[in-house]
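Architecture and fold: a report
Now for the letters of each chain:
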Amino acid sequence: MCQLLGMNCNTPTDIVFSFEGFRCRGGLTDSHADGFGIGFFENKGVRLFHDDKASATSPVADLVRNYPIQSKNVIAHIRKATQGPILLANTHPFMREMWGQYWLFAHNGNLKGFQPNEGQYYRPVGTTDSEAAFCYLLETLRQKFDYSPSVEQIFSEVDNIAQQLRQCGLLNFLLSNGEWLITHTGSLLHYIVRKAPFGEAKLVDDDVQIDFASVTTPNDRVAVIATLPLTDNENWQQLAVNELALFQNGEILLRHTPPNPYYPTEAKGLKMALQAV
């Protein structure tokens, strides 16, 4: 199963601490060695880094670690290939423009038999089901709205599209236009909101810890989303299967939780991922 990492904040923040643990899962503490990518929004621009090599040993990942970019919205992905060969064109996150904004998307799962019609505005470059799903999502939004609608309208429409896509298989994804970050949970996604009073955090995948009180202000609020918790001494929250949530300014602004929500254990969530392959 691929793994996802997202960050949404109320002030530009670097993701070096979280990324240091996350990248270890790409070939060191886990077996996701088929490439990685990370994208940072900076105002209307995006810095996007991809490599088709394992993130644990990638020089590109070293560059990201040594270049603490500050951003309010970040999406990262480490890949374990299911559909499409190991190629740079098949690494996430994928980026497109819509309504004068860049959009980033990363997916974890397997959409079997998903073959949408060729879009008028958006077409895949690579050969993954993930990029095809992203193009389908944007095409559906662009066909319905000529101009950027309200965040509530976008959230509702993305919820409808997610319901369609998950009929084809496992669907965990992160989506951002630089103003907010949407998550959809098909099996496992966790999040934490860090705010004052800040404390210490210790990574699960590396012998690294940090005292956030020394690197933040009392007004900072940072939401971090990951497939599995990145630290072992903080209170991570689990998102329910088929739940859609929209993070803005470091907190959940909108969410749609299904009736009788289901929160699988890590073992069950990983089994769901294996069954989807």
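- The name given to the protein chain in an unreviewed UniProt entry is Glutamine amidotransferase, with Testudinibacter aquarius as the source organism.

**Digging into the overall build of the protein chain**
- Helix and strand content of the protein chain: five helices and 15 strands.
- Relative to a compact globule of 277 residues, whose C-alpha radius of gyration would be 19 Å, the protein chain shows 17 Å and is just as compact.
- In terms of overall dimensions, the protein chain has a C-alpha envelope of 50 × 40 × 35 Å along the principal axes.
- Considering the protein chain as a whole, with its 277 residues, one finds that 52% of them fall into the buried category.
- Within the protein chain, counting contacts between residues at least 6 apart in sequence, those at least 24 apart form 71% of the total.
- Carbon and sulfur atoms make up 49% of the accessible area of the protein chain, which totals about 11,900 Å².
- Between the mean site of the 22 positive side-chain charges and the mean site of the 29 negative ones, the protein chain shows a separation of 4 Å.

**Some points on the pattern of salt bridges**
- Counting across every chain of the model gives 13 salt bridges.
- Measuring nitrogen to oxygen at the nearest pair gives 3.0 Å for the salt bridge that ties K53 to D52.
- Between R123 and E118 there is a salt bridge whose closest N-O contact spans 3.6 Å.
- On the basis of relative accessible area, E118 is assigned to the exposed category, the value being 65%.

**Quick word on the sheet that holds strand β2 (residues 36-42)**
- On the basis of which strands lie adjacent, the open sheet formed by seven strands has the order β3-β2-β4-β1-β12-β9-β13 and antiparallel pairing. Both edges of this open sheet fall to β3 (45-51) and β13 (237-238), since each of them pairs with a single strand only.
- Bridge count between strand β9 (residues 190-195) and strand β12 (residues 221-226): six bridges; the pairing is antiparallel. For K195, the partnering residue across the bridge sits in β12 and is R221.
- Helix-sheet contacts for helix α1 (residues 16-24) involve β1 (3-14), β2, β4 (70-78), β9 and β12, and the interaxial angle to β1 is about 170 degrees.
- With respect to the sheet, helix α2 (residues 59-66) is in contact with β2 and β3, its orientation differing from that of β3 by roughly 145 degrees.

**Topic: the environment of Q101**
- With respect to the secondary-structure elements, Q101 resides in strand β6 (residues 101-111).
- Taking the C-alpha atoms as reference points, Q101 and N8, separated by 93 residues in sequence, lie 17 Å from one another.
- Q101 has contacts with R96, S148, N177 and E179, leaving out every residue within four places of it along the chain.
- Polar contacts involving the side chain of Q101 include one to the side chain of E179, which spans 3.0 Å.

**Focus: the packing of helix α3 (residues 129-144) against helix α4 (residues 151-165)**
- For the pair α3 and α4, interaxial distance at closest approach is 11 Å and the crossing angle is 140 degrees. In terms of axis orientation, α3 runs oblique to α4. Regarding α3 and α4, the two cross each other, and that crossing is right-handed. Touching A133, Y136, L137, T140, L141 and K144 of α3 are E157, V158, I161, Q164 and L165, all from α4.
- Residue composition of the contact of α3 with α4, grouped by class: seven nonpolar, two polar and two charged.

The rules behind these values
Residues numbered from 1 in each chain as written. Predicted model: local features only at pLDDT ≥ 70, side-chain atom pairs only at ≥ 80, totals over all residues. Heavy atoms only, no water. Helix = DSSP H or I, 4+ residues; strand = E, 2+ residues; numbered from the N terminus. Rg over C-alpha atoms; globule rule 2.2 N^0.38 Å. Buried < 20%, exposed > 50% of the residue type's maximum accessible area, 1.4 Å probe, protein only. Contact = heavy atoms within 4.5 Å. Areas by Shrake-Rupley, 256 points an atom, 1.4 Å probe, with all protein chains shown as cover. Lys, Arg positive; Asp, Glu negative; His and termini not counted. Charge placed at Lys NZ, Arg CZ, Asp CG, Glu CD. Salt bridge = Lys/Arg side-chain N within 4 Å of Asp/Glu carboxyl O. Pairing = 2+ DSSP bridges. Axes fitted to C-alpha atoms, helices over the stretch in contact; angles between N-to-C directions. Polar contact = N/O pair within 3.5 Å; in protein donor to acceptor, adjacent residues only side chain to side chain. Parallel < 35°, antiparallel > 145°, perpendicular 65-115°, else oblique. Left-handed = near helix turned anticlockwise from the far one by under 90°. Nonpolar A, V, L, I, M, F, W, Y, C, P; charged D, E, K, R; others polar.

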